[in-house]
Amino acid sequence: MTTLIELQSVTVTFADRHVLDQVSLKLERGQITTLIGPNGAGKSTLVKVITGLRKPTIGKVIRQKEVRIGYVPQKLQLNTSLPLTVDRFMRLAGRNKESTRVEALSLVGGVHLQHSDMHSLSGGEMQRVLLARALLQKPDLLVLDEPVQGVDVNGQLELYNLIQSLRDNLNCAILMVSHDLHLVMAKTDNVICLHHHICCSGEPDTITSHPSYVALFGQQQSEQLALYHHNHNHDHDLAGSPVGPCLHHKEHHGDHNA
């Protein structure tokens, strides 16, 4: 695998307080990495360092030459009095041909939204449009900040499946910031648990039983996530129903709404 961005012992200090403390990580092409942690843990600051919007106080950031980053924000505030179609919104991202915009929308299953009013989009539709806009950059790394916020459970499943397919089709790296631990655990390769420093990192199965994770999120949540990931290691169709065999699915499917 190719390392696109590497952080070496990065520390960021505000008013003599370490918001990030000795953070080291690698983002690899073809890998989905999920960043989790409580509010105030430094996740937003870490994303700014990764995307180049903030320089570390101490430490080093190594980027592959000419690495392209696409960013999908947590929220988008639009002026409701300003008429704005999806196509016009995507044109604001820079010069690009209509065929390029249509191709990006096609990758996220959103071609039918091209001439829709941005103000009328559902939460799931808005996320697809934001993803398509980010894809116009032809990114090597996609950074997604709470990508399923405001989306219902079935829509979340669709979006996580879509994110996986984008990773597979584009062979890019994906960094997700998420509080939606139940669903995201089955859709990620690596998890980084942050609380100013990296408390633990690794595959989801390893993280849910790690003492640092349990200390931050509690034993009950850890057990629920471990059970969820074990019993839901399968795909869903667009309606949210499981595809293929799924042990104990009937007994535990309610965990989707936890």
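First, a word on what this report is: a plain description of the structure on this page. On a predicted model such as this, the values are computed, not experimentally measured, just so you know. (Residues numbered from 1 in each chain as written. Predicted model: local features only at pLDDT ≥ 70, side-chain atom pairs only at ≥ 80, totals over all residues. Heavy atoms only, no water.)

### Things to note about the overall build of the protein
Logical step 1: Assigned secondary structure in the protein consists of 10 helices and 11 strands.
Logical step 2: A total of 258 residues make up the protein; the buried ones form 47% of that total.
Logical step 3: Counted over contacts in the protein with a minimum sequence separation of 6, partners at least 24 positions apart contribute 66%.
Logical step 4: Counting only carbon and sulfur atoms, one obtains 48% of the accessible surface of the protein, whose full area is about 12,900 Å². (Helix = DSSP H or I, 4+ residues; strand = E, 2+ residues; numbered from the N terminus. Buried < 20%, exposed > 50% of the residue type's maximum accessible area, 1.4 Å probe, protein only. Contact = heavy atoms within 4.5 Å. Areas by Shrake-Rupley, 256 points an atom, 1.4 Å probe, with all protein chains shown as cover.)

### Brief notes about the environment of L144
Logical step 1: Within the secondary structure, L144 sits in strand β6 (residues 141–145).
Logical step 2: Residues L144 and G70 lie 74 residues apart in sequence; the distance between their C-alpha atoms is 8.5 Å.
Logical step 3: Among residues more than four places away in sequence, those in contact with L144 are V72, L131, I163, I174, L175, M176 and V177.

### Observations regarding the sheet that holds strand β8 (residues 190–195)
Logical step 1: Strand order in this open sheet of 6 strands is β5-β6-β7-β3-β8-β9, and the pairing throughout is mixed. Strand pairing shows two members of the sheet lacking a second neighbour, β5 (69–72) and β9 (197–202), which therefore form its edges. Averaged over all pairs of adjacent strands, the angle between their axes in this sheet comes to 15°, without regard to strand direction.
Logical step 2: Examined bridge by bridge, strand β3 (residues 32–36) and β8 share 4 bridges and lie parallel to one another. Within β8, the residue paired with T34 across the bridge is V191. (Pairing = 2+ DSSP bridges. Axes fitted to C-alpha atoms, helices over the stretch in contact; angles between N-to-C directions.)

### Some remarks on the sheet that holds strand β1 (residues 3–14)
Note: strands within a sheet are paired through backbone hydrogen bonds, in either parallel or antiparallel orientation.
Logical step 1: Taken together, 3 strands build an open sheet; the order of strands is β2-β1-β4 and the sheet is antiparallel. In the strand order of this sheet, the two ends are held by β2 (17–28) and β4 (58–63), each with one partner. Adjacent strand axes in the sheet meet at a mean angle of 10°, parallel and antiparallel pairs treated alike.
Logical step 2: Along the sheet, helix α1 (residues 43–51) makes contact with β1, β2 and β4, crossing β1 at roughly 130°.

### Focus on unusual backbone geometry
Logical step 1: We note that A15 has phi near 50°; this positive angle belongs to a residue other than glycine.
Logical step 2: The topology assignment puts A15 in the loop between β1 and β2.
Logical step 3: With a phi close to 65°, D16 is a non-glycine residue in the positive phi region.
Logical step 4: Relative to the helices and strands, D16 is located in the loop between β1 and β2.

### Re helix α5 (residues 153–170)
Logical step 1: When the terminal C-alpha atoms of α5 are compared, their 26 Å separation across 18 residues agrees well with the 26 Å that a helix rising 1.5 Å per residue should span.
Logical step 2: Every buried residue of α5 is accounted for by G155, Q156, L157, L159, Y160, N161, L162, I163, Q164, L166 and R167.
Logical step 3: Just downstream of α5 lies N171, where phi reads positive at about 50°. (Expected span 1.5 Å × (residues − 1).)

### Let's talk about the packing of helix α4 (residues 123–135) against α5
Logical step 1: Here α4 crosses α5 at 15°, and the two axes come no closer than 11 Å. Our classification of the angle between α4 and α5 gives roughly parallel. α4 and α5 meet at a crossing whose hand is right-handed. In contact with G124, Q127, R128, L131 and L135 of α4, α5 contributes E158, L159, L162, L166 and L170. (Parallel < 35°, antiparallel > 145°, perpendicular 65-115°, else oblique. Left-handed = near helix turned anticlockwise from the far one by under 90°.)

### Some remarks on the pairing of β3
In summary, the side chains of a regular strand alternate between the two faces of the sheet.
Logical step 1: Most of β3 is tucked away, with 5 of its 5 residues classed as buried.
Logical step 2: Burial along β3 is two-sided: the face carrying I32, T34 and I36 and the face carrying T33 and L35 are both buried.
Logical step 3: Bridging between β3 and strand β7 (residues 173–177) involves 4 bridges; their strand directions are parallel. Pairing of L35 across the sheet is with V177, part of β7.

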